[in-house]
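Coordinate inspection notes
The chain contents come next:
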Amino acid sequence: MIIETLSCDICGQKEPYSINPIHEHPELELGGVPVNIWTPEYNLQTCQELQIDSTKRGIQRFHTLLPIRLDENVCSSEGDTPLIKIGEFYLKDESNNPTGSFKDRGIAALVSEAHSYGIKRIAIPSTGNAAIS
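Given the structure is predicted, the values throughout are model-derived calculations rather than measurements. (Residues numbered from 1 in each chain as written. Predicted model: local features only at pLDDT ≥ 70, side-chain atom pairs only at ≥ 80, totals over all residues. Heavy atoms only, no water.)

Some remarks on the overall build of the protein
- The helix and strand inventory of the protein stands at two helices and seven strands.
- Along the protein, from the amino end to the carboxyl end, the secondary structure elements read β-β-β-β-β-β-β-α-α.
- Considering the protein as a whole, with its 133 residues, one finds that 23% of them fall into the buried category.
- Restricting the contact set of the protein to residue pairs at least 6 apart, pairs at least 24 apart contribute 41%.
- Here the protein has roughly 9,200 Å² of accessible surface; of this, 56% comes from carbon and sulfur atoms. (Helix = DSSP H or I, 4+ residues; strand = E, 2+ residues; numbered from the N terminus. Buried < 20%, exposed > 50% of the residue type's maximum accessible area, 1.4 Å probe, protein only. Contact = heavy atoms within 4.5 Å. Areas by Shrake-Rupley, 256 points an atom, 1.4 Å probe, with all protein chains shown as cover.)

What follows is the structure, given as structure tokens:
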């Protein structure tokens, strides 16, 4: 699955995917920063093309399904969480993630993508699990 374009949720304009698309809405500023809300448009694969790599651990097993390349130096065991059946439902036990938070998967993907662009510092506005992850 690959992100091909970004679609602006404000005006509908489409931009080629990049980490910092050049498209602004100055009329919607927050603290002097123009606001944009983007929706990624994916090149979706068919179910027959989707494969899980059982030689990898955590979210790395699903690298063929993700729109970004996961950095093996960033990702460890995020997502190695068991399914627990309760009645007819399944629950993921997120306490098995490195920090015990479901946000570990997303942060590993975010840091992987930032690393692929050469970004060396990331700030997370968080009062909880996202910052810990």
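A few points about the pairing of strand E6 (residues 83-86)
- Taken together, the four bridges between E6 and strand E7 (residues 89-92) define a ladder with antiparallel strand orientation. Pairing of Leu-83 across the sheet is with Lys-92, part of E7.
- Turn length for the E6-E7 hairpin, with the two strands adjacent in sequence and antiparallel, is two residues, and the turn residue Gly-87 shows positive phi of about 65°. (Pairing = 2+ DSSP bridges.)

Examining the confidence of the model for the protein
- Scored by pLDDT, the protein comes out at a mean of 77, with 85% of its residues at no less than 70.
- Confidence scores differ between elements of the protein, with strand E4 (residues 33-34) showing the lowest mean pLDDT of 67 and E6 the highest of 85. (pLDDT = per-residue confidence, 0-100.)

Remarks on the pattern of salt bridges
- Under the defined criterion, the tally for this structure stands at one salt bridge.
- Glu-94 serves as the salt-bridge partner of Arg-105, at 3.3 Å between the closest nitrogen and oxygen. Taken as a pair, Arg-105 in helix H1 (residues 103-116) and Glu-94 in the loop between E7 and H1 lie far apart in primary sequence, eleven residues in all.
- Looking at Glu-94, the relative accessible area reads 18%, which means it is buried. (Salt bridge = Lys/Arg side-chain N within 4 Å of Asp/Glu carboxyl O.)

Considerations on a nonpolar patch on the surface
- Among the surface-exposed residues, Leu-110, Tyr-117, Ile-119, Ile-122 and Ile-124 lie close enough to one another that they form a single nonpolar patch of about 390 Å² accessible area.
- Its location among the elements puts Ile-122 in the loop between H1 and helix H2 (129-132).
- According to the relative accessible area criterion, Ile-122 is partly exposed, its value standing at 40%. (Patch = residues over 30% accessible without salt bridge, like charges linked within 9 Å, V, L, I, M, F, W, Y side chains within 5 Å.)

Observations regarding the nonpolar core
- In this structure, Ile-59, Ile-68, Leu-70, Cys-75, Ala-108 and Ala-109 together form the largest nonpolar core, which totals six residues.
- In contact with Ala-109, not counting residues within four places along its chain, are Ile-59, Ile-68 and Leu-70. (Core = buried A, V, L, I, M, F, W, Y, C linked by side-chain atoms within 4.5 Å.)

Points about the side chain of Glu-94
- A polar side-chain atom of Glu-94 sits 3.3 Å from a polar atom in the side chain of Arg-105.
- Ignoring sequence-local partners within four residues, the contact set of Glu-94 consists of Thr-81, Gly-100, Ser-101, Phe-102 and Arg-105. (Polar contact = N/O pair within 3.5 Å; in protein donor to acceptor, adjacent residues only side chain to side chain.)

A closer look at H1
- Helix length check: H1, at 14 residues, gives a terminal C-alpha distance of 20 Å against a target of 20 Å (1.5 Å per residue), a fit within 8%.
- Listing the buried residues of H1 in full gives Asp-104, Ile-107, Ala-108, Ala-109, Ser-112, Glu-113 and Ala-114.
- Remark: Gly-118 follows H1 within two positions and exhibits a positive phi of approximately 80°. (Expected span 1.5 Å × (residues − 1).)

Description of the environment of Asn-129
- In this fold, Asn-129 is placed in helix H2.
- In the structure, Asn-129 is positioned 28 residues away from Ser-101 in sequence and 6.3 Å away in space, judged by C-alpha atoms.

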